[in-house]
Amino acid sequence: MNDLVSLEIADAIATVTLTKPTMPPQFFAEIEEVFRGLSKDVRVRAVVVRSAAKGFSYGLDLPAAMTELGPHFAGGTAGARMELLGLIRRYQGAFDAVAACPVPVVAAVHGMCIGGGLDLAAACDIRLASRDAVFSLRETRIAIVADLGSLQRLPRIIGQGHLREMAFTGKDIGAERAAAIGLVNEVFDDAAAVHAGARRLAEEIARNAPLTVRGVKAVLEFGEGKTAADGLAYVAAWNAAFLASEDLGEAMAAFMEKRAPRFSGR
């Protein structure tokens, strides 16, 4: 039973809901468990990540985290340093699981999205925001180098200049600025509207052939940091292996019969 992350699956869409405003150590274990499970669930065609708290997330629960991390700051032994490294890597693995989900993940952000909240949003494929959303890569302001993915994932989303400004200053940016720099795709009036908008987008994704959508995500992920030639070779091999499908036949039949296709994922 998860207390910090809830999961609901309906009509091929998984809704992952953060239930608390911060991320204590147990949160990372729970969200990793949820996304490892979703990655194996062939029923799921899209995922929405949202929050039931006042804001999307204020990030790491520092008092709770220090209970776990604190003992490793005392003393300078190699053993303590290695244990701290292991804890950080474990936290990183939670958001790695989000990023590795084989189906598209849509983040619906409202209110504050700070630190670990931004790390989580950056691990998603698409981000939507309410008008009151505030984003901050705030670790610099508390003497920490952000280590859960924002520094690695945001360059491809917003570019080095905008990322460096956020990371060096720890400043807050609003939804309109976030949209202008490409951090979010669309801004909605309020939390209810952004949650509904994320659901609609997930439904739009889920209407497409599910294996094809998974293939698009796999090809995009492979192409990161590689040449166009490498990416073209990979997608050619992908289609040579997976282009022939029942869904392709259904797409052709639907086109000829002037109706909406009914994809089965086969």
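Presented here is a report on the structure given in the accompanying data block. Every chain is numbered on its own, with residues counted from 1 as its sequence reads. Per-residue local features of the predicted model are confined to residues with pLDDT of at least 70, and side-chain atom pairs are confined, for both listing and counting, to 80 or more; whole-chain, interface and lining totals are unaffected and use all residues. Neither water nor hydrogens contribute to the side-chain values; these are computed over all heavy atoms in the structure.

1. Digging into the pattern of salt bridges
Okay, step 1: For this document, the term salt bridge refers to a Lys or Arg side-chain nitrogen within 4 Å of an Asp or Glu carboxyl oxygen. Tallying each qualifying case throughout the model produces 14 salt bridges.
Okay, step 2: Measuring nitrogen to oxygen at the nearest pair gives 2.7 Å for the salt bridge that ties Glu165 to Lys171.
Okay, step 3: A salt bridge links Glu165 to Arg177; its shortest N-O distance comes to 3.0 Å. Of this pair, Glu165 sits in helix H5 (residues 150-169) while Arg177 sits in helix H6 (residues 175-180); the two residues are 12 residues apart in sequence, bridging distant segments of the chain.
Okay, step 4: Through salt bridges with shared partners, a single ionic network connects Asp11, Arg199 and Glu203. By definition, any uninterrupted DSSP run of H or I lasting at least four residues is a helix, any uninterrupted run of E lasting at least two residues is a strand, and each is numbered from the N terminus.

2. Details of the pairing of strand S1 (residues 5-10)
Okay, step 1: The pairing criterion for strands is at least two bridges between them, as found by DSSP. Of the pairings in the sheet, the one linking S1 to strand S2 (residues 13-18) comprises six bridges and is antiparallel in character. Paired with Ser6 across the strands is Thr17, a residue of S2.
Okay, step 2: Hairpin geometry of S1 and S2 is characterised by an intervening segment of two residues between the two adjacent antiparallel strands and by a positive phi of about 55 degrees at Asp11.

3. With respect to the sheet that holds strand S8 (residues 172-174)
Okay, step 1: Taken in spatial order, the three strands line up as S5-S7-S8 in an open sheet, and their pairing is mixed. Strands at the two margins of the open sheet, each flanked by one partner only, are strand S5 (112-114) and S8. On average, each strand axis in the sheet is inclined to that of its neighbour by 20 degrees, with strand direction left out of account.
Okay, step 2: Note: strand S7 (residues 134-136) against S8, three bridges, orientation antiparallel. Each bridged residue has a counterpart across the sheet, and for Val134 the counterpart in S8 is Gly174.
Okay, step 3: Pairs of residues are marked as contacts when any of their non-hydrogen atoms sit within 4.5 Å. Note on method: axes are straight lines fitted to C-alpha atoms, helices fitted across the in-contact stretch only, with angles between N-to-C directions ranging 0 to 180 degrees. Packed on one face of the sheet, helix H4 (residues 116-123) meets S5 and S7 and runs near 90 degrees to S5.

4. A word on unusual backbone geometry
Okay, step 1: Not every positive phi belongs to a glycine, and Asp11 is a case in point at roughly 55 degrees.
Okay, step 2: For Asp11, the position within the fold is in the loop between S1 and S2.
Okay, step 3: Exposure classes here rest on a 1.4 Å probe applied to the protein chains alone. A residue is buried below 20% of its type maximum, exposed above 50%, and partly exposed in between. Taking the relative accessible area as the measure of exposure, Asp11 reaches 68% and is therefore exposed.
Okay, step 4: Positive phi, normally seen in glycine, also occurs at Ala12, with a value near 70 degrees.

5. A word on the environment of Ala198
Okay, step 1: Take Ala198: it is sitting in helix H7 (residues 191-206).
Okay, step 2: For Ala198, a relative accessible area of 0% puts it in the buried group.
Okay, step 3: In contact with Ala198, not counting residues within four places along its chain, are Val48, Val106, Ala108 and Leu128.

6. Brief notes about the sheet that holds strand S9 (residues 186-188)
Okay, step 1: Here we have six strands laid out as an open sheet, ordered S1-S2-S3-S4-S6-S9, and mixed in their pairing. If you trace the sheet from one side to the other, it starts and ends with S1 and S9, each paired once. Strand-to-strand twist of the sheet, defined as the mean angle between neighbouring strand axes without regard to direction, takes the value 20 degrees.
Okay, step 2: Pairing of strand S3 (residues 46-51) with strand S4 (residues 105-109), which is carried by three bridges, proceeds in the parallel orientation.

7. Digging into the nonpolar core
One broad rule of soluble globular proteins: the nonpolar side chains tend to lie buried together.
Okay, step 1: Formed by 52 residues in total, the largest nonpolar core has its most connected members in Phe35, Val47, Phe95 and Phe135.
Okay, step 2: Elements with a contribution of two residues or more to this core: S2, helix H1 (25-40), S3, helix H3 (78-99), S4, H4, H5 and H6.
Okay, step 3: When neighbours within four sequence positions are excluded, Phe35 is seen to be in contact with Val16, Val47, Val49, Ala97, Val98, Cys101 and Val105.
Okay, step 4: Residues grouped as a nonpolar core are buried Ala, Val, Leu, Ile, Met, Phe, Trp, Tyr and Cys residues, joined through side-chain atoms within 4.5 Å. Judged by nonpolar contacts, the second largest core, of 14 residues, contains Ala46, Ala108, Ala202 and Ile205.

8. Topic: the packing of aromatic side chains
Okay, step 1: Stacked, tilted and edge-to-face are the three classes applied to pairs of Phe, Tyr and Trp rings, where Trp contributes its six-membered ring and a pair requires centres within 6.5 Å; stacked means planes under 30 degrees apart, edge-to-face means over 60, and tilted covers the rest. As enumerated under the stated definition, the model contains six aromatic pairs in all.
Okay, step 2: Each ring, one from Phe28 and one from Tyr91, has its centre 4.4 Å from the other, and the planes form 10 degrees; the classification is stacked. Of this pair, Phe28 sits in helix H1 while Tyr91 sits in helix H3, and the two are 63 residues apart along the sequence. Assigned by exposure class, Phe28 and Tyr91 land together as buried.
Okay, step 3: On the numbers, 6.2 Å between centres and 40 degrees between planes, the contact of Tyr234 with Trp238 is tilted. On the criterion of helical spacing, the pair formed by Tyr234 and Trp238 is a turn pair, its members being four residues apart in helix H9 (residues 228-242).

Take it as geometry only, folks, not as evidence of what the structure does.
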